[in-house]
Amino acid sequence: MGNTEARRLDRAGKGYPWRFSAFIMAYYVANAVYQGYIAKYYDAVGIGLTQLSVLMAAMPLVSIGMQPVWGMLGDRFPSRNAVLRAMIAISGALLLVYRVSNSFVWLLAVSTLFSAAYTSIQPMGDSIVLESLHGAGRPFGPLRLTGCLSFAVMNLAFGFILEGRYHLSPILTAVMLALTFAATYALPPTAGHQSDGRKMNVMALLSRRDLMGLLLLLMVLQLTM
């Protein structure tokens, strides 16, 4: 589907598909709130430093196991866009129940479930965008830059908005995710690569030296976070 969209754009002579940036920018604005201020939220509701460390560590740990699961679902569903929207909807719904309780156990449970869906939104969205861009021979850099700029600007802006009101961070993130959900309709319809019954073996990927080298590099870079 992504290549079909790319060919359609080429025939129409519409140039670079800047409309895809609507999704990328909306996601990075949501991430500017959550990544930038969720620790402030935990502090505002009385979470101690040790418990805060556990809550913050839960997200990357959960993503290790859940990203391959969402990737498999995206490959096997007729619409990757539908899987993407499901992740966004689940994430937004879970954010709305953060304030049911300020207990560590409740926040750990909710944040773990949230992380299971939220951490796969970017890679799933990127896979849809990249497939379309690759078919049209267009670079990803300009679109990615719109995400970087929106994150940087809005991270600062939300600092002023949330000053003294950090308890609103989950709600504001949910609002931004609602905009992200709406922005998914700017993306081209894209089917999973195994939705037609074709089977692919993940071990074939692990046998590629160039891919393993890239993954090792990314692991080292992620350690800096």
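Look a little higher up for the structure.
Computed from a predicted structure; not experimentally measured. (Residues numbered from 1 in each chain as written. Predicted model: local features only at pLDDT ≥ 70, side-chain atom pairs only at ≥ 80, totals over all residues. Heavy atoms only, no water.)

**Q** Before we go on, may I ask you to explain the overall build of the protein in this structure?
**A** Looking only at helices and strands, the protein has 10 helices and 0 strands in total. Along the chain direction, N to C, the helices and strands of the protein fall in the order α-α-α-α-α-α-α-α-α-α. Along the first, second and third principal axes, the C-alpha atoms of the protein reach 55 × 40 × 30 Å. A separation threshold of at least 6 residues defines the contact pool for the protein, and within that pool the share at least 24 residues apart is 81%. Entry remark: accessible area of the protein is about 12000 Å², with carbon and sulfur atoms responsible for 70%. (Helix = DSSP H or I, 4+ residues; strand = E, 2+ residues; numbered from the N terminus. Contact = heavy atoms within 4.5 Å. Areas by Shrake-Rupley, 256 points an atom, 1.4 Å probe, with all protein chains shown as cover.)

**Q** I'm lost on the packing of helix 4 (residues 80–95) against helix 5 (residues 104–118) in this one. Help?
**A** The description of two packed helices rests on the angle between their axes and on the distance between the axes. Contact geometry of helix 4 with helix 5 gives a least axis separation of 8 Å together with a crossing angle of 160 degrees. On the basis of their axis angle, the class for helix 4 and helix 5 is roughly antiparallel. Classified by chirality, the crossing of helix 5 by helix 4 is left-handed. Here helix 4 contributes M87, I90, S91, L94 and L95 to the contact with helix 5, which in turn contributes V110, L113, F114, A117 and Y118. (Axes fitted to C-alpha atoms, helices over the stretch in contact; angles between N-to-C directions. Parallel < 35°, antiparallel > 145°, perpendicular 65-115°, else oblique. Left-handed = near helix turned anticlockwise from the far one by under 90°.)

**Q** Honestly, the nonpolar core in this entry has me stumped. Any pointers?
**A** Side chains of a nonpolar character, in soluble globular proteins, are inclined to be buried together. In terms of nonpolar packing, the biggest core is built from 48 residues, with Y42, L84, Y98, I121 and F158 touching the most fellow members. If one sorts the elements of this core by residue count, helix 2 (residues 21–44) sits on top with 14 residues. Excluding anything up to four places from it in sequence, I121 contacts F23, Y27, L84, M87, I88, S91 and L177. (Core = buried A, V, L, I, M, F, W, Y, C linked by side-chain atoms within 4.5 Å. Buried < 20%, exposed > 50% of the residue type's maximum accessible area, 1.4 Å probe, protein only.)

**Q** What's the story with helix 6 (residues 121–136) in this structure? I'm lost.
**A** Helical geometry note: an α-helix holds 3.6 residues per turn, so side chains three or four residues apart project in the same direction. Here helix 6 is 16 residues long and its end C-alpha atoms lie 23 Å apart, about the 22 Å a rise of 1.5 Å per residue gives. Taken as a whole, helix 6 has its buried residues at I121, M124, G125, D126, I128, V129, E131, S132, L133 and A136. Remark: G137 follows helix 6 within two positions and exhibits a positive phi of approximately 70 degrees. (Expected span 1.5 Å × (residues − 1).)

**Q** Help me out: how do you make sense of the packing of aromatic side chains in this one?
**A** The way to describe two aromatic rings as a pair is by their centre distance and the angle between their planes. All chains considered together, the criterion is met by 11 aromatic pairs. Taken together through their ring pairs, the aromatic side chains of Y27, Y28, Y34, Y41, Y42, Y98, F114 and Y118 make up a single cluster. (Phe/Tyr/Trp six-rings, centres within 6.5 Å; stacked < 30°, edge-to-face > 60°.)

**Q** Honestly, a nonpolar patch on the surface in this entry has me stumped. Any pointers?
**A** There is a patch of nonpolar side chains on the surface, built from L214, L215, L217, L218 and L221 and spanning about 430 Å² of accessible area. Its place among the elements puts L215 in helix 10 (residues 209–223). (Patch = residues over 30% accessible without salt bridge, like charges linked within 9 Å, V, L, I, M, F, W, Y side chains within 5 Å. Salt bridge = Lys/Arg side-chain N within 4 Å of Asp/Glu carboxyl O.)

**Q** I keep staring at the side chain of N81 and nothing clicks. Help me out?
**A** Here N81 shows up in helix 4. Reaching out from N81, the side chain makes a polar contact with the backbone oxygen of P188 at a distance of 3.1 Å. With sequence-adjacent residues up to four places away left out, N81 is seen in contact with I128, T184, L187, P188, P189 and T190. (Polar contact = N/O pair within 3.5 Å; in protein donor to acceptor, adjacent residues only side chain to side chain.)

**Q** So what exactly am I meant to see when it comes to the packing of helix 2 against helix 8 (residues 169–183) here?
**A** Relative orientation of the contacting elements helix 2 and helix 8 amounts to 165 degrees, with a least axis distance of 8 Å. Judged on the interaxial angle alone, helix 8 and helix 2 are roughly antiparallel. With respect to the hand of their crossing, helix 2 and helix 8 are arranged in left-handed fashion. Facing A22, F23, A26, Y27, V29, A30, V33, Y34, Y37, I38 and Y41 of helix 2, the residues of helix 8 in contact are S169, P170, L172, T173, M176, L177, L179, T180 and A183.

**Q** Hey, could you run me through the pattern of salt bridges in this one?
**A** Between side chains of opposite charge, a pair can form when the charged atoms approach closely. Following the criterion strictly, the structure yields 2 salt bridges and no others. Put simply, E131 and R80 hold a salt bridge, and the shortest N to O gap is 2.4 Å. Within this pair, whereas E131 is found in helix 6, its partner R80 is found in helix 4, the two being separated by 51 residues in sequence. Per residue, the accessibility class of E131 equals that of R80, and both read buried. Across the pair D210 and R208 runs a salt bridge whose closest N-O atoms are separated by 2.9 Å. Residue class for R208 comes out partly exposed when judged on its relative accessible area of 44%.

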